[in-house]
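Residue-level listing of the chains:
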Amino acid sequence: MGIFEKFKSGFKKSASAFTTGLRDIVVKKEIDDKTLDKIEDYLIQSDVGIVSASEIREIISQTKIDPNKDLTEEINNILKNYIISIMKPLENIEFFKKKEKLNATLISGVNGVGKTTTIGKISKILKGNGNKVMLAASDTFRAAAIEQLENWANKVDVQITKSSQGSDPASVAYKAIEEALNNDFNQVLIDTAGRLQNKKNLMEEYKKIANVTKKIDPDAPHDVILVLDATSGQNVINQVEEFNKIIPITGLIMTKLDGTAKGGILLAVAKKYKLPIIALGLGEKEDDLQIFDAKKFAEAFTQIN
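So, here is what we can say about the structure in this document. Because the structure is a prediction, the values reported are computed rather than measured.

**A short note on the overall build of the chain**
From N to C terminus, the chain includes twelve helices and eight strands. Over its C-alpha trace the chain gives a radius of gyration of 21 Å, about what one expects of a compact globule, namely 19 Å for 305 residues. Counting only C-alpha atoms and orienting by the principal axes, one finds that the chain spans roughly 65 × 40 × 30 Å. Long-range contacts, defined as pairs at least 24 residues apart, comprise 78% of the intrachain contacts of the chain with a sequence gap of at least 6. For the chain, the computed accessible surface area is about 13800 Å², with 48% contributed by carbon and sulfur atoms. Here the chain carries 43 positive and 42 negative side-chain charges, and the mean point of each set is 1 Å from the other.

Now the structure itself:
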């Protein structure tokens, strides 16, 4: 299955709900102010954000649309072009390419977003591109987290550094980077415990992991990836806000986009923060993490079913 087919399949629920709702609104042969208001409200309800909804409304109002054409399809084309204009600059395929020197990546996020599973899927892509990958099991808090990461390491055949449950997470990260440097690894992915962004003590522990890595390499962590759950809707805005205050985020991965009928939240995040989007989770299988492509995302999100 090609990348567009993956996106199209993953976004089927979201796209179907979106285009069905839009078609219910656009029932006239021309778009008047009342219809524009309904479209704007509907976009907001679809989680695209107030700013984007307002801008899309304005673009539609300024666009000459042939009343003899399918109006839903015409509006979808406007939305598709808008999404591409916002998201194309946020693509970052460089993240997955082979690195010439060690790249330490901190993977963060709240409980239940799928960090550990995402790390396993990232590892497979990185390894496939010729990287030598080390995983750091720094989620020493959650029961079975170390075992889960170890299972992924075995599944995709990469190395793992671990300690016992309850041990210091920062020490595991330090040890992993040290081992990676000594054995010519060029990618270290650091799993961290799921933490609520409003729990100060847990966020301080998270900050400590980043600070400890700097003792080996002042530029570490080289990447800080925040994993977000699309089904959380507008809550992800606050998560980006709070995590970015602790350690500046260098990229986003959004999971469970196949499980929501309101996939517009990624557009809202992109518009507000302009952070690179690394990949999207579109299923449970190890190949279901897709490197972000703005055009494919836009086409899949606005597909007519």
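Once the structure has been displayed, the description carries forward.
**A few points about the sheet that holds strand S6 (residues 251–255)**
An order of S3-S2-S4-S1-S5-S6-S7-S8 is seen for the eight strands of this open sheet, with the pairing classed as mixed. Each edge of the open sheet carries a strand with a single partner, namely strand S3 (159–161) and strand S8 (289–291). Averaged over all pairs of adjacent strands, the angle between strand axes in this sheet comes to 25°, irrespective of strand direction. Of the pairings in the sheet, the one linking strand S7 (residues 277–281) to S8 comprises three bridges and is antiparallel in character. Considered in S8, the bridge of glycine 281 is made with leucine 289.

**Concerning helix H4 (residues 50–62)**
Spanning 13 residues, H4 covers 19 Å between terminal C-alpha atoms, matching the ideal 18 Å at 1.5 Å per step. Among all positions of H4, only Ser52, Ala53, Ile56, Arg57 and Ile60 are buried. For H4, the arc enclosing every buried residue in end-on projection is 135°, short of the 170-degree limit, so these residues lie on one face. Away from its buried face, by an angle of more than 90 degrees, H4 presents the exposed residues Ile50 and Gln62. Of the surrounding elements, those touching the buried residues of H4 are helix H3 (33–45), helix H5 (71–87) and helix H11 (265–273).

**Description of the pairing of S6**
Where burial is concerned, most of S6 is hidden: five out of the five residues are buried. The side-chain alternation of S6 yields two buried faces, one formed by Gly251, Ile253 and Thr255 and the other by Leu252 and Met254. Relative to S6, strand S5 (residues 223–229) runs parallel, the two being bridged by five bridges. Considered in S6, the bridge of aspartate 229 is made with threonine 255. The handedness of the S5 to S6 crossover, carried by helix H10 (residues 235–246), is right-handed.

**Description of the nonpolar core**
Membership of the largest hydrophobic core comes to 96 residues, with the highest contact counts inside it found for Met87, Ile122, Val240, Met254 and Leu280. The greatest single-element share of this core, amounting to eight residues, is contributed by H5.

**Thoughts on the pattern of salt bridges**
Summed over all chains, the structure comprises 14 salt bridges. When the shortest N-O distance is used, the salt bridge between arginine 57 and aspartate 37 registers 2.6 Å. Taken as a pair, arginine 57 in helix H4 and aspartate 37 in helix H3 lie far apart in primary sequence, 20 residues in all. Its relative accessible area of 37% is what places aspartate 37 among the partly exposed residues. Taking the shortest distance from any N to any O, the salt bridge between lysine 271 and glutamate 55 comes out at 3.0 Å. Note that lysine 271 is positioned in helix H11 and glutamate 55 in helix H4, a separation of 216 residues in sequence. Within this structure, Asp37, Glu40 and Arg57 form a network of salt bridges that share partners.

**Looking at the environment of proline 276**
Counting through the fold element by element, proline 276 comes out in the loop between H11 and S7. Here proline 276 falls in the partly exposed class, since its relative accessible area comes to 24%. For the pair proline 276 and threonine 231, spaced 45 residues apart in the sequence, the C-alpha separation amounts to 20 Å. Leaving out residues up to four positions away in the same chain, proline 276 has contacts with Leu90, Asn92, Thr250, Gly251 and Leu252.

Rules used throughout
Residues numbered from 1 in each chain as written. Predicted model: local features only at pLDDT ≥ 70, side-chain atom pairs only at ≥ 80, totals over all residues. Heavy atoms only, no water. Helix = DSSP H or I, 4+ residues; strand = E, 2+ residues; numbered from the N terminus. Rg over C-alpha atoms; globule rule 2.2 N^0.38 Å. Contact = heavy atoms within 4.5 Å. Areas by Shrake-Rupley, 256 points an atom, 1.4 Å probe, with all protein chains shown as cover. Lys, Arg positive; Asp, Glu negative; His and termini not counted. Charge placed at Lys NZ, Arg CZ, Asp CG, Glu CD. Pairing = 2+ DSSP bridges. Axes fitted to C-alpha atoms, helices over the stretch in contact; angles between N-to-C directions. Expected span 1.5 Å × (residues − 1). Buried < 20%, exposed > 50% of the residue type's maximum accessible area, 1.4 Å probe, protein only. Arc of directions from axis to C-beta. Right-handed = clockwise from strand over helix to strand, strands pointing away. Core = buried A, V, L, I, M, F, W, Y, C linked by side-chain atoms within 4.5 Å. Salt bridge = Lys/Arg side-chain N within 4 Å of Asp/Glu carboxyl O.

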